[in-house]
Amino acid sequence: RRGIAAPGSARAPASARLAATADEEAPVSAIELLSRGESDPFVRDLSEEIRGITGAGIDSLMNPAKVINLERELIGLREQAEEIEAQERRSADDESLLADIRA
C-alpha cells in the first residue's frame with residue numbers, strides 16, 4: 001500500500017515526484033477525473049500502482065476521485081511532517097551550538 005511505503009522503497013521516488021503536484025491541485029471531482037483520463041501523470045502513476053495491487057486500473061474503483069484526493073492529502077501531510085522534523089533538527093543543532101559556545 002502506498003501509505004506505508006518505506007522511504008527507501010521503489011515507490012518513494014514516485015511519491016516524491018508526485019509531491020510537486022500535491023499543493024498545486026485542488027481536490028478532483030469524479031467528472032473531472034474521468035475527463036482527465038490517463039493524461040494526468042499523478043492519476044496515471046496512481047492507476048499503475050493500483051493496477052499492480054488489484055490487477056485493475058483506478059477506473060475500476062467505486063470512488064476513484066476519493067482515492068486521488070486522499071493520496072494528494074497524504075503527500076501534503078508527509079511534506080508537512082518532513083518540514084517539522086527538519087525544523088526540530090535545526091532547533092536541536094542551534095541548542096547544541098549555544099551549549100558549546102557557553103562551555
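Everything below is about the structure shown above.
In this text the structure is predicted, and so the values were computed from the model without any measurement.

*Asks:* I would appreciate a short explanation of the overall build of the chain in the present structure.
*Replies:* If you tally the helices and strands in the chain, you get four helices and zero strands. Starting at the N terminus and ending at the C terminus, the chain contains elements arranged as α-α-α-α. With 103 residues in all, the chain has 26% of them scored as buried. Taking the contacts inside the chain whose residues are at least 6 apart along the sequence as the reference set, 55% of them involve residues at least 24 apart. For the chain, the accessible surface area stands at approximately 7100 Å², while carbon and sulfur atoms represent 58% of it.

*Asks:* Help me understand the pattern of salt bridges, please; the structure alone is not making it clear to me.
*Replies:* Should the charged atoms of two oppositely charged side chains come close, the side chains can pair. The full count for this structure, using the stated rule, is three salt bridges. We note a salt bridge from Glu83 to Arg90, for which the minimum N-O separation is 3.2 Å. Its relative accessible area of 40% is what places Glu83 among the partly exposed residues.

*Asks:* What should I look at first to understand the nonpolar core in this one?
*Replies:* For soluble globular proteins, the rule of thumb is that nonpolar side chains tend to be buried together. Listed in full, the seven residues of the largest apolar core are Phe42, Val43, Leu46, Ile50, Ile58, Ile68 and Ile75. The set of elements that each furnish at least two residues to this core consists of helix 3 (41-54) and helix 4 (64-102). Considering every element that reaches this core, the biggest residue donor is helix 3, with four residues.

*Asks:* How should I be thinking about the packing of helix 3 against helix 4 in this particular structure?
*Replies:* A pair of packed helices is characterised by two quantities: the angle between their axes and the separation of those axes. At a closest axis distance of 11 Å, the pairing of helix 3 and helix 4 adopts a crossing angle of 105 degrees. One way to sum up the angle between helix 3 and helix 4 is to call them roughly perpendicular. When helix 3 is examined against helix 4, the residues Phe42, Val43, Leu46 and Ile50 are found in contact with a partner set consisting of Val67, Ile68, Glu71, Arg72 and Ile75. For the contact of helix 3 with helix 4, the per-class residue count stands at seven nonpolar, no polar and two charged.

*Asks:* Help me out: how do you make sense of helix 3 in this one?
*Replies:* Look at helix 3: 20 Å from first C-alpha to last across 14 residues, which is about the 20 Å you get at 1.5 Å a residue. For helix 3, the set of buried residues is Phe42, Val43, Asp45, Leu46, Ser47, Glu49 and Ile50. Where helix 3 starts, the residue carrying a side-chain oxygen 2.9 Å from the main-chain nitrogen of Phe42 turns out to be Asp40. Backbone geometry just after helix 3 places Gly55 at a positive phi near 85 degrees.

Conventions used here
- The written sequence of each chain sets the order in which its residues are numbered from 1.
- Two thresholds apply to this predicted model, a pLDDT of at least 70 for residue-level local features and 80 or more for giving and counting side-chain atom pairs, whereas whole-chain, interface and lining totals are computed over all residues.
- Excluded from the side-chain calculation are hydrogens and water; included are all heavy atoms of the structure.
- Every helix listed is a DSSP run of H or I at least four residues long, and every strand listed is a run of E at least two residues long, numbered separately from the N terminus.
- Burial status follows relative accessibility: with a 1.4 Å probe on protein chains alone, a residue under 20% of its type maximum counts as buried, one over 50% as exposed, and anything between as partly exposed.
- We call two residues in contact when some of their heavy atoms are within 4.5 Å.
- Exposure was quantified through the Shrake-Rupley algorithm and a 1.4 Å probe, taking into account, for residues, occlusion by the shown protein chains and nothing else.
- Salt bridge criterion: a side-chain nitrogen from Lys or Arg within 4 Å of a carboxyl oxygen from Asp or Glu.
- We define the nonpolar core as a collection of buried residues of types Ala, Val, Leu, Ile, Met, Phe, Trp, Tyr and Cys that are connected through side-chain atoms lying within 4.5 Å of one another.
- Axis lines are fitted through C-alpha atoms, for helices just across the contact stretch, and the angle between N-to-C directions can take any value from 0 to 180 degrees.
- Any angle between 65 and 115 degrees counts as roughly perpendicular, while under 35 counts as roughly parallel, over 145 as roughly antiparallel, and the rest as oblique.
- Classification convention: Asp, Glu, Lys, Arg as charged; Ala, Val, Leu, Ile, Met, Phe, Trp, Tyr, Cys, Pro as nonpolar; all other residues, Gly among them, as polar.
- Multiplying 1.5 Å by the residue count of a helix minus one yields the expected span of that helix.
- Identification of polar contacts relies on pairs of N or O atoms within 3.5 Å, with a donor-acceptor requirement for protein atoms, meaning one able to donate a hydrogen and the other able to accept it, and with residues adjacent in sequence counted only if both atoms are side-chain atoms.

Such coordinate-based values are descriptive only and should not be taken to indicate function.
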